[in-house]
Amino acid sequence: MKKILRFTIPIFIISILFLGLVSYSSKIKNPFIPLKALIQLETSNENVIRFSDKPLRYMSRSVDDFKNRMEYDGYTVDQLGRCFVLEKNSETTSLIFEGFVGSYEIFSNEFETKNTNE
């Protein structure tokens, strides 16, 4: 019984620390959301995945991959620092990017989508 506890407690502590790192790095309170997205990205052939609609969130291997994907999807992409302004069919969306776990990026919709015809 003591051997089981000797290994279980450190694994539990390491798991909690890892989940805390994921939550802190992604700026998302629930660490399982970006962790699930990271697993989806790593197990697919895609360089960009959309992993949330409200708020709108993407995960990418790089900023260039994200810009290329959005342009491929028909968006006009303007970058203003960490903010990306995406425009398509009179609809504008702003996404802010943050680094995530080293070499990944999370793009999150910090603002509401606006219709430019109003």
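Reading guide: rules and limits
Residues numbered from 1 in each chain as written. Predicted model: local features only at pLDDT ≥ 70, side-chain atom pairs only at ≥ 80, totals over all residues. Heavy atoms only, no water. Core = buried A, V, L, I, M, F, W, Y, C linked by side-chain atoms within 4.5 Å. Buried < 20%, exposed > 50% of the residue type's maximum accessible area, 1.4 Å probe, protein only. Helix = DSSP H or I, 4+ residues; strand = E, 2+ residues; numbered from the N terminus. Contact = heavy atoms within 4.5 Å. Phe/Tyr/Trp six-rings, centres within 6.5 Å; stacked < 30°, edge-to-face > 60°. Pairing = 2+ DSSP bridges. Salt bridge = Lys/Arg side-chain N within 4 Å of Asp/Glu carboxyl O.

## Describing the nonpolar core
Here's step 1: One finds Val48, Leu56, Tyr58, Val63, Phe66, Met70, Val77, Phe84, Leu86, Leu95, Phe97 and Phe107 forming the largest nonpolar core, which totals 12 residues.
Here's step 2: When residues of this core are traced back to their parent elements, those giving at least two are strand E2 (56–60), helix H3 (63–72), strand E4 (83–88) and strand E5 (91–100).
Here's step 3: For this core, the leading source of residues is H3, giving 3 residues.
Here's step 4: Each residue touching valine 48, except ones within four places of it in the same chain, is listed here: Leu41, Tyr58, Met59, Ser60, Asp65, Phe66 and Arg69.
Here's step 5: Counting residues in each nonpolar core, the second largest holds 9 residues, with Ala37, Leu41, Ile49 and Phe100 among its members.

## Focus: the environment of isoleucine 49
Here's step 1: For isoleucine 49, the position within the fold is in strand E1 (residues 48–53).
Here's step 2: Classification of isoleucine 49 as buried rests on a relative accessible area of 12%.
Here's step 3: A sequence separation of 17 residues divides isoleucine 49 from phenylalanine 66, and the C-alpha atoms of the two residues are 9.1 Å apart.
Here's step 4: Look past the residues within four positions of isoleucine 49 in its chain and what remains in contact with it is Ala37, Gln40, Leu41, Ser44, Arg57, Tyr58 and Met59.

## Some words on the packing of aromatic side chains
Here's step 1: Per the stated rule, a full pass over the model turns up 6 aromatic pairs.
Here's step 2: Taking the centre distance of 5.6 Å and the plane angle of 65 degrees together, the rings of tyrosine 58 and phenylalanine 66 count as edge-to-face. By the burial criterion, tyrosine 58 is buried, and phenylalanine 66 matches it.
Here's step 3: Taken together through their ring pairs, the aromatic side chains of Tyr58, Phe66, Phe84, Phe97 and Phe107 make up a single cluster.

## Regarding the pairing of E4
Here's step 1: Inspection of the sheet shows strand E3 (residues 76–80) paired to E4 by 5 bridges, in the antiparallel sense. The residue of E4 that forms the bridge with valine 77 is leucine 86.
Here's step 2: Direction of pairing for E4 relative to E5: antiparallel, over a ladder of 6 bridges. Looking at the pairing, phenylalanine 84 lines up with leucine 95 of E5.
Here's step 3: Following E4, the chain reverses through 2 residues before pairing antiparallel with E5; asparagine 89 in that reversal takes a positive phi of roughly 50 degrees.

## Here we look at the pattern of salt bridges
Here's step 1: One pass over the structure, following the stated rule, counts 5 salt bridges.
Here's step 2: One salt bridge in this structure joins glutamate 46 and arginine 69, with 3.6 Å as the shortest N-O distance. In this pair, glutamate 46 sits in the loop between helix H2 (32–42) and E1 while arginine 69 sits in helix H3, placing the two residues 23 residues apart along the sequence.
Here's step 3: With a relative accessible area of 40%, glutamate 46 lands in the partly exposed category.
Here's step 4: By relative accessible area, which is 28% here, arginine 69 ends up partly exposed.
Here's step 5: One salt bridge connects aspartate 53 with arginine 50, and the closest N-O pair in it is separated by 2.9 Å.
Here's step 6: Aspartate 53 sits in the exposed class, given a relative accessible area of 54%.

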